[in-house]
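Each chain, letter by letter, is given below.
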Amino acid sequence: MTLTTRPLGHVTLAGAGPGAAEQLTLAVARALEAADVVLHDRLVGPEVLEMIGAQALVIETGKQGFGPGMDQDAITALIVAFARTGRNVLRLKSGDPAVFGRLGEELAALEAAGIGFTVLPGITAASAAAARLGQSLTERGRNAEARLLTGHDARGYAESDWAGLARPGAVAAIYMGKAAARFIQGRLMMHGAAPETPVTLVENVSRAEERILAATLASLPQAAAELAGPAVILLGLAPRQVLRPQEIAI
């Protein structure tokens, strides 16, 4: 008797964008239809999840800052285990998997297991939120760089180049920054940032429940306290357009 080995499957690591199905790339939309297994984080929008093919096994692998969730090692083990059964596995992250998405760890595990993979980018919250403000993340004569920061990491509130961020004209998108709002405010003002520096918070960007809060560095903690859903903080940018009913100036 000849024993045969089941061929390894393939893993697609894809970005679901900020939430609205309209903001998916065509490549990710096709991957949703073709997947045998979908492992998604908790911030992937319901409109996107509805596009998953009926044949797929769907598993939420959500993690929450300072809260409960599936351990990253367990998620990585699931990805590898399903791929070893020969299935077409889709690892679906909100936004872009390469921006605070633990992409490197998951790719390293796939390489170690000899499993093929494809990475499909998605629209990250920074660019989606800036577009909603009618603003550019970089602008000639204002800033030649835009920084992407996290408000906290595994050890707690995250330190950054506060002196650089405090300079006039600096622009940064701060992910996972709601709980760290007072810390961020204090660090920036300690390094000379003006209290009137514009700061805009965009909650549930691109979704039906989206809210835009126009604030300043002085009022950042109060603005952050108004938010319940996931949000990105845009330092140095104010909304260009007239505020809509769901938009609040703090």
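Use the structure listed above.
About the criteria used
- Residues numbered from 1 in each chain as written.
- Predicted model: local features only at pLDDT ≥ 70, side-chain atom pairs only at ≥ 80, totals over all residues.
- Heavy atoms only, no water.
- Helix = DSSP H or I, 4+ residues; strand = E, 2+ residues; numbered from the N terminus.
- Rg over C-alpha atoms; globule rule 2.2 N^0.38 Å.
- Buried < 20%, exposed > 50% of the residue type's maximum accessible area, 1.4 Å probe, protein only.
- Contact = heavy atoms within 4.5 Å.
- Areas by Shrake-Rupley, 256 points an atom, 1.4 Å probe, with all protein chains shown as cover.
- Lys, Arg positive; Asp, Glu negative; His and termini not counted.
- Charge placed at Lys NZ, Arg CZ, Asp CG, Glu CD.
- Phe/Tyr/Trp six-rings, centres within 6.5 Å; stacked < 30°, edge-to-face > 60°.
- 1 Å grid on protein atoms, 1.4 Å probe; cavity = no way out; pocket = protein on both sides within 12 Å on 5 of 7 lines; lining within 4 Å.
- Points joined across faces, edges and corners; volume = space filled by probe spheres on them.
- Nonpolar A, V, L, I, M, F, W, Y, C, P; charged D, E, K, R; others polar.

A. Expanded view of the overall build of the protein. Looking only at helices and strands, the protein has eight helices and 13 strands in total. Over its C-alpha atoms the protein spans a radius of gyration of 20 Å, differing by no more than 12% from the 18 Å that the globule rule assigns to 250 residues. Each principal axis of the C-alpha distribution contributes one length, and for the protein these read about 75 × 35 × 35 Å. By the burial criterion, 48% of the 250 residues in the protein qualify as buried. Within the protein, counting contacts between residues at least 6 apart in sequence, those at least 24 apart form 70% of the total. Accessible area of the protein: about 12200 Å², with a carbon and sulfur share of 55%. For the protein, the separation between the mean place of its 22 positive charges and that of its 24 negative charges on side chains is 2 Å.

B. Layout of the packing of aromatic side chains. Applying the stated criterion across every chain, the model contains three aromatic pairs. Between W162 and F183 the ring centres are 5.9 Å apart and the planes differ by 80 degrees, which places this aromatic pair in the edge-to-face class. You can see W162 sitting in helix α6 (residues 162–165) and its partner F183 sitting in helix α7 (residues 181–190), a full 21 residues away along the chain. Taken together through their ring pairs, the aromatic side chains of Y157, W162 and F183 make up a single cluster.

C. Representation of the side chain of H40 within the structure. By secondary structure assignment, the location of H40 is in strand β2 (residues 37–40). Judged by relative accessible area, H40 falls into the buried class, the value being 6%.

D. Representation of the layout of surface pockets. Here the second largest pocket defines a volume of roughly 150 Å³. Every residue lining the second largest pocket is counted, 16 residues in all, and those nearest its centre are R167, P168, G169, A170 and T197. Split by residue class, the lining of the second largest pocket holds 11 nonpolar, three polar and two charged.

Honestly, that's just the spatial picture; any functional story needs more than this.
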